[in-house]
Every structure is written in C-alpha cells, then in structure tokens.
Amino acid sequence: MIYLLYGKETLLVEKKCSEILNKEQINEYSINKYDLENDSLNTILEDATTISMFDPKKVIIVTNSFIFTATTKKGLVEQNTDLLISYLENPNPDTILIFMVITEKLDERKKVTKQFRKKATITELNSVKNKSQIVKEMFGEYQIDARNLQLFIDRIGDNLRILEQECEKIKTYKNQEMTITKEDILNLTTKNIDIDIFKLIENIILKNKQQALESYQEMLKRNEEPIKIIIMLANQFRIMYQAKVLNKKGYTANDIASELEIHPYRLKLALEKSHNFSSSILLNYLEKLADLDSNIKSGVVDKNLALELFILEI
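### Looking at the overall build of the chain
No. 1: From N to C terminus, the chain includes 15 helices and five strands.
No. 2: A principal-axis box enclosing the C-alpha atoms of the chain has dimensions of 70 × 55 × 35 Å.
No. 3: Every one of the 314 residues in the chain was classed for burial, and the buried ones make up 46%.
No. 4: In the chain, which carries 44 positive and 47 negative side-chain charges, the distance between the mean positions of the two groups comes to 5 Å.

So this is what it looks like as structure tokens:
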C-alpha cells in the first residue's frame, strides 16, 4: 500500500499514520523513516524494493514530502519524482510506503500528485470535525466537564500539538486524582499569548482604541512583559507586511509560509489581516514599535505606558 497524508494539523497527520501502523501490526524494527529535505527519493525507493529482515512487511515513512506541494525548496536534495512515478506502476507488495506533508492543499498540477490520485491512497487531514471530542480523548480516563473543556481550549488555542502538551502537563500533576477542575486549568496551563495578540491587532485594525487598550491592560494583569508584547506585536505586523509583499509578487500561500517559515494557518490569518493595511502603514507601525522598544530600553518612556501611546496614535 502507498499512502499520502497531508493537512495543516501535524497531530492529525501523525495520528493517521499511527492508525495505519496499528492496523498493519508492524514490528517497530521494520519501520524506516526518511525526510525529503535530506534524503533522496532514489535512496528511499531502493529501500522500498528490498525485503525486510525482521517482518514479512515493512513500513517506510517519508516526512516533509514537499514534492506534492507548490512549495519551492532551495538548497536541499534534488528529487527526481519520475522515479516515484515509475515505482507506482510496480510497487513492492511487502512495503507500506507513507508520505507525509504538513500543508493545507496539494499541488494538483504536478504529475506526481496526479499519479498518486490514481495509484495511491490520499487522505486530507485539514479540518478538525470535533475538536472538543479530540481534546476530551487526550484526557483519557480523567474526568472533565464540558464547561472546563471549553475553558481549556479557549485558553490554549487551536494548535492540537500545544493542546496535547498542556493536557499532559495537567495529567502529570493530577496523577491519581481523576477530576480536572477549573483551578487546575488556570493554575497549570500557560495561556496562549498569541490569542491576545491577534485580539489586540484586530482592535488596532478596526481602530477600536478603547478595546485595544482593554486587551493590553488584560495582558498586563497577567504579568505579561510589555517589551515582550511589543516584540510579538511587531513580529505580527512584520509577517503581515512580508506576506503582503510576496503575495503581490505572485507567491502562493504555501510558498509564502515556506519562505517565512511559519505555519500555513498563521500565514492565512496574516494575509487576511494585511488587506486592511497598505504596505506603507505596516512599515510605519513597525518603525513606531521599534522606536518604542528603543525608548523603553533607554529610559525615555515608561514601559507600561509605551504601548498605550502607540494605541492612542493609531
């Protein structure tokens, strides 16, 4: 069998891969892993055609399979996809080949993608149909009611990998105490500051100065460092500016995400928000935030008041 697993959620892609391994009951010694950013298709396919030493069947897992996307990778191993297309015509029945790539969509124009549609099993893992159910499964035998479950999700954010990490943190602390409380969530988890940064940006975009100030004050109440907030805010505006420029040059969303080395979903949000600003305004905001950072460090302005001044000037 030959599989191609893709989606923007790493955890879902990895979970699907694990399901395949469990279904086939493959010995761990018969699993070989490769990375297309470092390993050549020639090496991978040579392995695919050889017999396993430990099991009747073996699995080859190939990560970073960018050959199925519009992303242009530079300075990496050059891949000859014709070799893979030829292998599809006569695959080794004793090898399970699993390609994995974290991307929202495939490049359907590519010959290798078209051939995989015909000869392999392609599974899209973009959408989370029931996030609450997935997170509840993360807690396993631990009891958590619907209200606290939603509080946990709202506090941590949408990234399933981070949700899983925070879940494990709570379970480790609770040990044999099987009920998760509101206090556990508030005391043991780290609130995702990115959520508040986007809320702050949203209010800045809409020029809702009062709401922006309230968002900022809430972050200060949670002892967030003002300079850290300024740096994160500047980073978001920088991504918006760079995404806007690259988008005008004709880069695809996947190309931009790869170029800026950020998650495709984060890039999608940045592109959406960048439409509300001209490039010159984004640059102006970046310059002002840089000046604030400099003035704070030189003692010209109080660090707690600095961002308030920026918000009042928008």
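### A closer look at the packing of aromatic side chains
To describe a pair of aromatic rings, you give the distance between the ring centres and the angle between the ring planes.
No. 1: Counting across every chain of the model gives eight aromatic pairs.
No. 2: Aromatic pair Phe237 and Tyr285: ring centres 5.3 Å apart, planes at 65°, arrangement edge-to-face. Placement of Phe237 in helix H11 (residues 226–248) and of Tyr285 in helix H14 (residues 279–297) is noted, with a sequence separation of 48 residues between them. A single burial state applies to Phe237 and to Tyr285, both of which are buried.
No. 3: Taken together, the aromatic side chains of Phe237, Phe277, Tyr285 and Phe310 make up a single cluster linked through ring pairs.

### Some points on the sheet that holds strand E5 (residues 121–124)
No. 1: Reading across the sheet, the five strands line up as E2-E3-E4-E1-E5 and stay open at both edges, with parallel pairing between neighbours. Only two strands of the sheet have a single partner each, and these edge strands are strand E2 (31–35) and E5. Averaged over neighbouring strand pairs, the angle between their axes works out to 15° when direction is ignored.
No. 2: Two strands pair when backbone bridges link them, and strand E3 (residues 58–63) and strand E4 (residues 95–102) are joined in this way by five bridges, in the parallel orientation. Across the sheet, Lys58 pairs through a bridge with Thr95, a residue of E4.

### Brief notes about the packing of helix H10 (residues 209–221) against helix H15 (residues 303–313)
No. 1: Two numbers describe how H10 lies on H15: the axes approach to 10 Å, and their chain directions differ by 160°. When the axes of H10 and H15 are compared, the pair comes out roughly antiparallel. Both H10 and H15 take part in a crossing whose hand is right-handed. Touching Lys209, Ala212, Leu213, Tyr216, Gln217 and Leu220 of H10 are Lys303, Asn304, Leu307, Glu308, Ile311 and Leu312, all from H15.
No. 2: Classifying every residue of the contact of H10 with H15 by side-chain character gives seven nonpolar, two polar and three charged.

### A short note on the pattern of salt bridges
No. 1: Tallied over the full model, the rule gives 15 salt bridges.
No. 2: The closest approach of N and O atoms between Lys58 and Asp47, which form a salt bridge, is 2.6 Å. Separated by eleven residues along the polypeptide, Lys58 in strand E3 and Asp47 in helix H2 (residues 41–49) bring together distant segments of the chain. Across the pair, exposure class does not vary: Lys58 and Asp47 are buried alike.
No. 3: Notably, a salt bridge pairs Lys174 with Glu177, separated by 3.4 Å at the nearest N-O pair.
No. 4: Salt bridges here are not isolated pairs; linked through shared partners, they connect Glu14, Arg161 and Glu164.

### Thoughts on unusual backbone geometry
No. 1: The phi torsion at Gln25 lies on the positive side, around 50°, for a residue other than glycine.
No. 2: Position of Gln25 among the secondary structure elements: in the loop between helix H1 (10–24) and E2.
No. 3: Of note, Asn64 is a non-glycine position whose phi angle comes to about 50°, a positive value.
No. 4: Inspection of the secondary structure assignment puts Asn64 in the loop between E3 and helix H3 (81–89).

### Describing the confidence of the model for the chain
No. 1: Chain-level statistics for the chain give a pLDDT mean of 86 and a share of 96% at 70 or above.
No. 2: When mean pLDDT is compared element by element in the chain, helix H4 (residues 111–119) scores highest at 96, while helix H9 (residues 193–205) scores lowest at 74.

### Digging into the nonpolar core
No. 1: The biggest cluster of nonpolar side chains holds 40 residues, and the ones touching the most others in it are Leu200, Ile204, Leu233, Phe237, Leu289, Leu307 and Phe310.
No. 2: Put simply, the parts of the chain that give this core at least two residues each are H9, H10, H11, helix H12 (253–260), helix H13 (264–274), H14 and H15.
No. 3: Residues Leu5, Met138, Ile144 and Ile180 belong to the second largest nonpolar core, which totals 32 residues.

### Notes on the pairing of E4
No. 1: Of all the eight residues making up E4, seven are buried; the element is thus mostly covered by neighbouring parts of the structure.
No. 2: Bridge analysis of strand E1 (residues 2–7) against E4 gives six bridges, and the strand direction is parallel. When the sheet's bridge partners are listed, Ile2 is paired in E4 with Leu97.

What counts and what doesn't
- Residues numbered from 1 in each chain as written.
- Predicted model: local features only at pLDDT ≥ 70, side-chain atom pairs only at ≥ 80, totals over all residues.
- Heavy atoms only, no water.
- Helix = DSSP H or I, 4+ residues; strand = E, 2+ residues; numbered from the N terminus.
- Buried < 20%, exposed > 50% of the residue type's maximum accessible area, 1.4 Å probe, protein only.
- Lys, Arg positive; Asp, Glu negative; His and termini not counted.
- Charge placed at Lys NZ, Arg CZ, Asp CG, Glu CD.
- Phe/Tyr/Trp six-rings, centres within 6.5 Å; stacked < 30°, edge-to-face > 60°.
- Pairing = 2+ DSSP bridges.
- Axes fitted to C-alpha atoms, helices over the stretch in contact; angles between N-to-C directions.
- Parallel < 35°, antiparallel > 145°, perpendicular 65-115°, else oblique.
- Left-handed = near helix turned anticlockwise from the far one by under 90°.
- Contact = heavy atoms within 4.5 Å.
- Nonpolar A, V, L, I, M, F, W, Y, C, P; charged D, E, K, R; others polar.
- Salt bridge = Lys/Arg side-chain N within 4 Å of Asp/Glu carboxyl O.
- pLDDT = per-residue confidence, 0-100.
- Core = buried A, V, L, I, M, F, W, Y, C linked by side-chain atoms within 4.5 Å.

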